[in-house]
Structure formats: C-alpha cells, structure tokens
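# Geometric and topological summary
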Amino acid sequence: MRVTPKIDYPGVFAALPSPCLVLGTDLVIADANPAFCEVTGRNRGELLGQYLFDVFPDNPADPEADGVITLKSSLHRVLSSGQTDHMALQKYDIPVPGSPEVFKERWWTAINVPVLGPDGKVAWIIHRSEDMTDVARARRTAHLPPVSPGREAAMEAELYARARQLQHLNEELRQAHARERRVAVALQEAMLHSPDLARHPNIAVRYLPATGSLNVCGDWYDAVDLAGDRFTVTVGDVVGHGLMAATVMGRLRSALSAATRTVHGPAQALEVLGLYARSVEGALAATAVQVLVDCQSHLLIYSSAGHPPPALLHPDGSCHLLDQATDPPLGARPEHVPRPQANMTYTPGDTLVLYTDGLIERRGEDIDTGLTRLTTTLATCTEFGAEHLADALLSRLGLAGGATDDIAIVVVRLDGTTRPY
C-alpha cells in the first residue's frame, strides 16, 4: 500500500520564493512568508494581526496614489465571487521601515487567490505579489540611450509590456461578457454617490448586493452636511432586488436628501419622505433610519421608519441601540401622523453603526437573536477605525462574500471634532 507523505504546509509557505500574505476576510494579516518580509523590510511580528491598509497606506506625498483602492477592490472581488483575481502592474509605494512618513517607490503585480472553507465560502485570501520596480524603471529608461539599463533589461521590459497587452485583451474579453453588470454597477454607484461623504474620512460605507443578483438592489446610504457643525447619516431599504428596486431607491434617496436640507430634524425629513412614498409605485413598506450628529453638543438625534435600530458602540465594548423613535415603514399609514424623534449623547471615541436588515436577519431566526449577534460582534471591534470595523463586521458575521439579502452599512467614528473642509 502506497503511503502518501505528509506535507509540511507551513514549511512550504515559508519556502515560497514569491512574497505572500495570508489575509482573513476582514483583510487582517494572518501570516507572511520570509520573502514578503524581506521585500517590504518588515518582520512577521510587525505584520501579523494588523489590518493590511493600516500597515501599507497610500503615499500621502503622491496625489495620484491609488494602490489602496485598487488592491482593496481586487480583494473584495475575491470575497464576493470566490474567484482568483489577477492584478495588472500597480504603483504602490511603501513606508520605509522605521520612518513611516517616508515612502519608497515600488511597482507590483499581484494575484489574490481565495481559500474556501468547509461551507464553500471564502475563509482566507492568499495575496501573492512580485516586486516589479526594477522592470518598471527599466521600461521607463529603455528608450533613452544615455541612461539605458542594457539590452537584457530592455528586453525584459518589452516582454513585460507584451504581457500587459495580453492581460488587457483578456480583461476586455471578460468585460465583454459582463456589459449588463457594468451598466448596473455604474447605475448603482451614480445613485449612491454622495459628495458630502467625501468630506468625512471617519465614515466608512459598504454596499453588498444579494448573491446572484445583478449587483443592484434597493438598499442605500447617504450623508448630508448641515449648518452648525452638524451632519446626517441615513440608510434605507426598498423591498425587492434588481433594477426596479434600485430605481425606487434612487427616487426615495434623492427625496430624503432634499428634505433633510430644508426641514428641522430627522423626524420631519422622514415625514416628508413618507408622504412622497405614497405616490411612488413600489415604495410602500420601504424603511429608513436617519441620525443627525451634532458635533458641538455631542448629540445624536434620530428617527426610524420601520428600520432596524442603529448601534452606538462605546470604547469599553458596550452597545446602545437607538430604538426609542421607531415608527411603521414609509407609506404604511393611510393618514399623516407625525413621526417620533429621540436624542442620545455620545462621547468622543464612540462609533455609530447604521445598517440594513440583511446584516442581522437570518431565515427562521428571531430579530433579537440577530441584534444580539451584532452587538456581541461589535464588542470585539472597539479599537478599529471606521474602514477596518466595516470589513471586520462583515467578516465576523460571515457575510464578506455576500448574503441572500442586500446589505448596506455606514460606520461613523465619532471623534468629537467638526467636519473637515
């Protein structure tokens, strides 16, 4: 009988010549091989347990730096599709060890590979990268004889350029088979675009369509800046999936954004939206919750139209649910009735989390069970920034790869300062 030798997988990982990371679904570094440590100048102790983009942020001195958003998009594609994602040549400078404010130029190619768990969902991501800095520099100088890097480097640069052309052709073919999805994504992004949101670095948003959908849905989020160092954050949910739900969502979101800027407080804004919803086909039973953040008084003012309660996470891990101003969904009442509104103070360092029901609800399960699961999970994320918390929340709830229902999340790190301009 032939005996299959036992493979030392940690030893294999350590011996790989290519720089490799193992990432959790929350994009926290679980392992790094010696090749990765060598090329980045970091040791494993500095990397393990760290959120990837805390260790390797964009170069603040490069206004065109897009390494973080490009790599993050690739990793999220792996999480949502369960498929390997190949990245093209990317400029992604890294901090100099011991001098985090100084960055050195680096060019990379990378492959992000999913590792599936017993349930068939993505459990880990293997991030394999190659440092192509020398090749990129050789390509830049190959046609300048006075500073030519030599025939060998020029040939290597030319071969790499050809490889990139092939990669671009493959990408075009893949996109040719996904035109409908691209149009849907563009539509969704256009409807969810929020100029005010860009002025709040301490706010993170996530949008995940239901698995198997067209990548559009009825869930939405928004942020609106108001006078007096105040702003609102909102999430909403239209029943159904697909283009019809997305169309209704777009109308409701625009109407609430306009109302928020003209009335006093979330309750009045939701009153106006409820009246408008009666004239929008498909808007009945839609839900929404809005929280007004007053940065001067450290006050949260909120109102909910049939929506799950936002959670306020404190640094000690305790949570308060904002559930004292809940009313029926939009358009549910045949006659107009003023909506309730409630207040809660916050302390700088608290974190506000708004979400849609896809984050907490499970088939055959009571909603209180889902809320308990949410607050218990949040208690493990007290030290995280907004972006890290959003990723960790989806990962630890088993939703990083999507769910049977749409999900929208808004995470606000309440630091007590006024909004930046």
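Quick note: structure is the one above.
The numbers attached to residues start from 1 for each chain and follow its sequence in the written order. Given that this is a predicted model, residues contribute local features only at a pLDDT of at least 70 and side-chain atom pairs are listed and counted only at 80 or more, while totals for whole chains, interfaces and linings are drawn from all residues. Side-chain numbers come from the whole structure's heavy atoms, not from hydrogens or water.

Let us look at empty space enclosed by the protein. A 1.4 Å probe that fits into a set of points on a 1 Å grid over the protein atoms alone but cannot get out defines a cavity; an open set with protein on both sides within 12 Å along at least five of seven lines defines a pocket, and lining residues are those with an atom within 4 Å of a point. Grid points are joined across faces, edges and corners, and a volume is the space filled by probe spheres set on the points. Counted under the stated rule, the structure contains three cavities of 30 Å³ or more. Looking at the largest cavity, its volume works out to about 220 Å³. Along its surface, the largest cavity is lined by 16 residues, and L71, Y92, W108, H127 and S129 are the ones closest to its centre. The set of elements that each furnish at least two residues to the lining of the largest cavity consists of α2 (34-40), β3 (85-91), β6 (107-116) and β7 (122-131). Amino acids are sorted into nonpolar (Ala, Val, Leu, Ile, Met, Phe, Trp, Tyr, Cys and Pro), charged (Asp, Glu, Lys and Arg) and polar (every other residue, Gly among them). Here the lining of the largest cavity is composed, by residue class, of eleven nonpolar, five polar and no charged. Secondary structure elements are defined from DSSP: runs of H or I of at least 4 residues count as helices, runs of E of at least 2 residues count as strands, and each element is numbered from the N terminus.

This next bit is on the pattern of salt bridges. The working definition used for a salt bridge is a side-chain nitrogen of Lys or Arg within 4 Å of a carboxyl oxygen of Asp or Glu. Scanning all chains against the criterion turns up 15 salt bridges. Between K91 and D93 there is a salt bridge, with the nearest N and O atoms lying 2.8 Å from each other. For K91, a relative accessible area of 26% gives the class partly exposed. Each residue gets one of three labels from its accessible area relative to the maximum for its type: buried under 20%, exposed over 50%, partly exposed in between, using a 1.4 Å probe on protein chains only. Judged by its relative accessible area of 7%, D93 falls in the buried class. Within this structure, K72, R206, E387 and D391 form a network of salt bridges that share partners.

Moving on to the sheet that holds β3. Within a sheet, each strand pairs with its neighbour through backbone hydrogen bonds, oriented either parallel or antiparallel. For two strands to be treated as a pair, DSSP must find at least two bridges joining them. Reading across the sheet, the five strands line up as β2-β1-β7-β6-β3 and stay open at both edges, with antiparallel pairing between neighbours. Looking along the sheet, the strands with just one partner apiece sit at the ends: β2 (29-32) and β3. On average, each strand axis in the sheet is inclined to that of its neighbour by 20°, with strand direction left out of account. In this sheet, β2 lies alongside strand β1 (residues 20-24) in antiparallel orientation, the contact comprising three bridges. Bridge pairing in β2 links V22 to D31. Comment: axis = line fitted to C-alpha atoms, over the contacting stretch for helices; angle = value between 0 and 180 degrees taken between N-to-C directions.

Read from one edge of the open sheet, five strands run β8-β18-β17-β13-β14, paired in antiparallel fashion. The open sheet has two free edges, formed respectively by β8 (203-208) and β14 (319-321), since each of these has just one partner strand. Neighbouring strand axes in the sheet, compared pairwise and without regard to direction, differ in orientation by 15° on average. Looking at chain direction, β8 and strand β18 (residues 407-414) are connected through six bridges and run antiparallel.

Attention now moves to the packing of aromatic side chains. Aromatic ring pairs: the centre-centre distance and the angle between the two ring planes describe each pair. In this scheme Phe, Tyr and Trp rings, the latter by its six-membered ring, pair at centre separations within 6.5 Å, and the angle between planes marks the pair as stacked below 30 degrees, edge-to-face above 60, and tilted otherwise. Applying the stated rule across the entire model yields two aromatic pairs. Where F36 meets F56, the ring centres are 5.9 Å apart and the plane angle is 80°; that geometry is what we call edge-to-face. Of this pair, F36 sits in helix α2 while F56 is found in the loop between α4 (52-55) and α5 (67-81), placing the two residues 20 residues apart along the sequence. With relative accessibility at 5%, the residue F36 sits in the buried group. Residue classification places F56 among the buried residues on the basis of a relative accessible area of 6%. Taken together, a centroid distance of 5.9 Å and an interplanar angle of 80° make the contact between Y51 and F53 edge-to-face. In this structure, Y51 and F53 share a single accessibility class: buried.

Before going further, it helps to examine helix α12 (residues 386-396). Most of α12 is tucked away, with nine of its eleven residues classed as buried. Among all positions of α12, only A386, H388, L389, A390, D391, A392, L393, L394 and S395 are buried. Just downstream of α12, G398 is the residue with a positive phi angle, here 75°.

Tracing the backbone through its elements, the reader meets D196 in the loop between α8 (179-192) and β8. Here a polar contact is taken to be a pair of N or O atoms separated by no more than 3.5 Å, where protein atoms must pair a possible hydrogen donor with a possible acceptor and residues adjacent in sequence count only if both atoms sit in side chains. Polar side-chain contacts of D196 include one of 2.4 Å to the side chain of R199.

Below, the discussion takes up the packing of helix α9 (residues 242-260) against helix α10 (residues 266-277). Between α9 and α10, the least distance of the axes is 9 Å, while the angle of their chain directions is 145°. Like other packed secondary-structure pairs, α9 and α10 cross with a definite hand, here right-handed. Of the residues in α10, those in contact with R251, L252, A255, L256, A259 and T260 of α9 are A269, L270, V272, L273, Y276 and A277. Per-class residue counts for the contact of α9 with α10 are ten nonpolar, one polar and one charged. Take the far helix as your reference; a near helix turned counterclockwise from it by less than a right angle gives a left-handed crossing, and one turned clockwise gives a right-handed crossing. Any pair of residues with heavy atoms lying within 4.5 Å of one another is described as a contacting pair.

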